[in-house]
Amino acid sequence: MVKFTEKQFKDILEIGIMLAVEKNHNHLFGLILENAMTITNCDGGTLYLAQEDSLAFKIMRTISMNVYEGSDGEIISLPPVPLREENVCAYSAIHRQTINIQDVYHNEEFDFSGPKSYDSMTGYHTKSILVIPLQNHENELIGVLQLINAMDEQGNVIAFDPGFERIVLSLASQAAISISNMRYIQEIKGLLYSFVEAMATVVDRRTPYNANHTRNVAMYASEFVDYLNQEHRSGRYREYFDSNRKEQLVLAASLHDIGKMTVPLSVMNKATRLDSHLQEILTRFELIRSYLKIDFYENRISREECRQKLSYLDNAAVLVQKVNTLSILPKELEESVIELSSHIYKKEDGEELPYLSKYERDCLLIHRGTLTDEERKVMEDHVVMTSRILDNIHFNYHYRNVPLWAGSHHELLDGSGYPMHLTAEQMPAEIRILALADIFDALTAKDRPYKEPVPLEEALRILRDMAERGKLDQELVELFAGYARQNLRTVAGLL
């Protein structure tokens, strides 16, 4: 019976620790196989992972043949092993039993035609085999570990000492639990990402004018971070974004507009200043025209006065329709709207009919865009609602920054952003990147009814101007320009 030295026991404990902390799937699989081979001093081994009705080859190693496949995640081309009892690995998996074969050429219990065929093709000689099922703490089969050709100190092939079975079984159990934990983590991440994807879909599908915004911002953030890491490696950018920083940023980008679910569609979809109210004004003007004609026929106004007032209404309709679609309101048209809003038609019974309601006047007097101050406040509150919604979701330590970054995508370095009016000292690179990506997509988006997409170079000029005015990070804007020219030549129909 094998006797373990103090060093071997320490090595086994170290192996257990390594298995517990390893986060990379492929590294973990390699650790399992290599350490099992080291403990038993064997020449070869294979790690299989359980599938529905078979065992898939994950890692294969034969030291004497210089074979090491699957260590970096590449697919092993061998077909999976069916779960049939005549195969030793399948038998071990089915019955959750450790199997120790001294000599495969003198064993008739199992079908070893596969190893024998391999031997005849390669000149290798398979003799002893130790097969251990990998089960987690819930007795779920994770896979099978097969070790081949134990060796003595002189390198002679011998049978596997039964004393190794308990040790390797213990290692296999720890390995199975580590694999299960990794799978659980991946499942939880998958659940989180599917939730994020669902929320992004809901937000973007609420309005045709926001159809691709969330995905675009997430894409820009992800690709730009990769570009920044390249610049970092070349010494041209000081910060490096590890996988966790990038993952949190992309999640924040995917959730940054979740608060828009609370914004009324009448505000979200307001394509022009008046939107549906334009027709109300034109209908009212027609009604006033009818009243004026009646006034003339009933001798309450003269023909000339009627003509002048009807002509004014015609010009007013032209003015309203023109201002309705402008992106910026010129001073002279602003004065004309104010003058129009002072007109009131007084009916015969004394009831007053304003040419424009207060809301219509406010809409036509919007200096830039399509939203009144009140509507803009409702729209801007989506950022506050983003933070409130995400604050009610438990993000563990790994994702702790997602709510803050998502709720800060309208912050600017000079403190003029919203809702928290953060300053440069309070804004990490992730928030700066998110703000930059959000503005860039707003400029270049092709699905906004109230404006044409801005060509790439013009969008970059606008971003530079904002950076020069202290609103955006100047260094990031210049780097973003390099990224955009390299990767986004088709933005805004440039090509």
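Peer 1: Looking at this model, I keep getting lost on the packing of aromatic side chains. Mind explaining?
Peer 2: The description of an aromatic ring pair uses the distance of the two centres, along with the angle that the planes make with each other. Tallied over the full model, the rule gives 14 aromatic pairs. Their ring planes at 70° and their centres at 5.3 Å tell us that tyrosine 91 and phenylalanine 110 sit as a pair that is edge-to-face. Residue tyrosine 91 is located in helix 3 (residues 88-95), and its partner phenylalanine 110 is located in the loop between strand 5 (99-101) and helix 4 (113-122); the two are separated by 19 residues in the primary sequence. You can call tyrosine 91 buried: its relative accessible area is 19%. Judged by centre distance (5.8 Å) and plane angle (45°), the rings of phenylalanine 224 and tyrosine 483 are tilted. Of this pair, phenylalanine 224 sits in helix 6 (residues 213-233) while tyrosine 483 sits in helix 17 (residues 474-487), and the two are 259 residues apart along the sequence. Per residue, the accessibility class of phenylalanine 224 equals that of tyrosine 483, and both read buried. Sitting above the plane of the tyrosine 68 ring, arginine 61 keeps its charged end 4.9 Å from the centroid. Lying across the ring of tyrosine 397, arginine 400 places its NZ or CZ 3.9 Å from the centre.

Peer 1: For this particular structure, what's the right way to read empty space enclosed by the protein?
Peer 2: Over the atoms, a rolling probe the size of a water molecule traces out where space has been left empty. Inspection of the entire model under this criterion finds two cavities of 30 Å³ or more. For the largest cavity, the full set of lining residues is Leu413, Met427, Arg432, Ala435, Leu436, Lys471, Leu472, Asp473 and Leu476. Take the lining of the largest cavity: its biggest share by element is three residues, from helix 15 (residues 429-444). Looking at the lining of the largest cavity, its residues break down into six nonpolar, no polar and three charged.

Peer 1: What exactly am I supposed to notice about the side chain of serine 341 here?
Peer 2: Within the fold, serine 341 resides in helix 11 (residues 331-341). Classification of serine 341 as buried rests on a relative accessible area of 17%. The residues contacting serine 341, other than those within four sequence positions of it, are Leu356 and Arg361.

Peer 1: I keep staring at the layout of surface pockets and nothing clicks. Help me out?
Peer 2: Size it by volume and the second largest pocket reaches roughly 730 Å³. Forming the boundary of the second largest pocket are 31 residues, of which Tyr48, Phe57, Val81, Gly114 and Pro115 lie nearest the centre. Of all elements in the fold, only strand 1 (42-50), strand 2 (54-62), strand 4 (81-82), helix 3, helix 4 and strand 7 (141-151) reach the threshold of two or more residues within the lining of the second largest pocket. Class assignment for the residues of the lining of the second largest pocket results in 17 nonpolar, ten polar and four charged.

Peer 1: Got a minute to help me understand helix 10 (residues 303-324) in this structure?
Peer 2: Residues three or four positions apart in an α-helix share a direction because the helix packs 3.6 residues into each turn. The end-to-end C-alpha distance of helix 10 is 31 Å, a good match for the 32 Å that 22 residues give at a rise of 1.5 Å each. Among all positions of helix 10, only Cys306, Leu310, Leu313, Ala316, Ala317, Leu319, Val320, Val323 and Asn324 are buried. Contacts made by the buried residues of helix 10 are with helix 9 (277-297), helix 11 and helix 12 (358-364).

Cut-off values and rules
Residues numbered from 1 in each chain as written. Predicted model: local features only at pLDDT ≥ 70, side-chain atom pairs only at ≥ 80, totals over all residues. Heavy atoms only, no water. Phe/Tyr/Trp six-rings, centres within 6.5 Å; stacked < 30°, edge-to-face > 60°. Helix = DSSP H or I, 4+ residues; strand = E, 2+ residues; numbered from the N terminus. Buried < 20%, exposed > 50% of the residue type's maximum accessible area, 1.4 Å probe, protein only. Lys NZ or Arg CZ within 6 Å of the ring centre and 35° of its normal. 1 Å grid on protein atoms, 1.4 Å probe; cavity = no way out; pocket = protein on both sides within 12 Å on 5 of 7 lines; lining within 4 Å. Points joined across faces, edges and corners; volume = space filled by probe spheres on them. Nonpolar A, V, L, I, M, F, W, Y, C, P; charged D, E, K, R; others polar. Contact = heavy atoms within 4.5 Å. Expected span 1.5 Å × (residues − 1).

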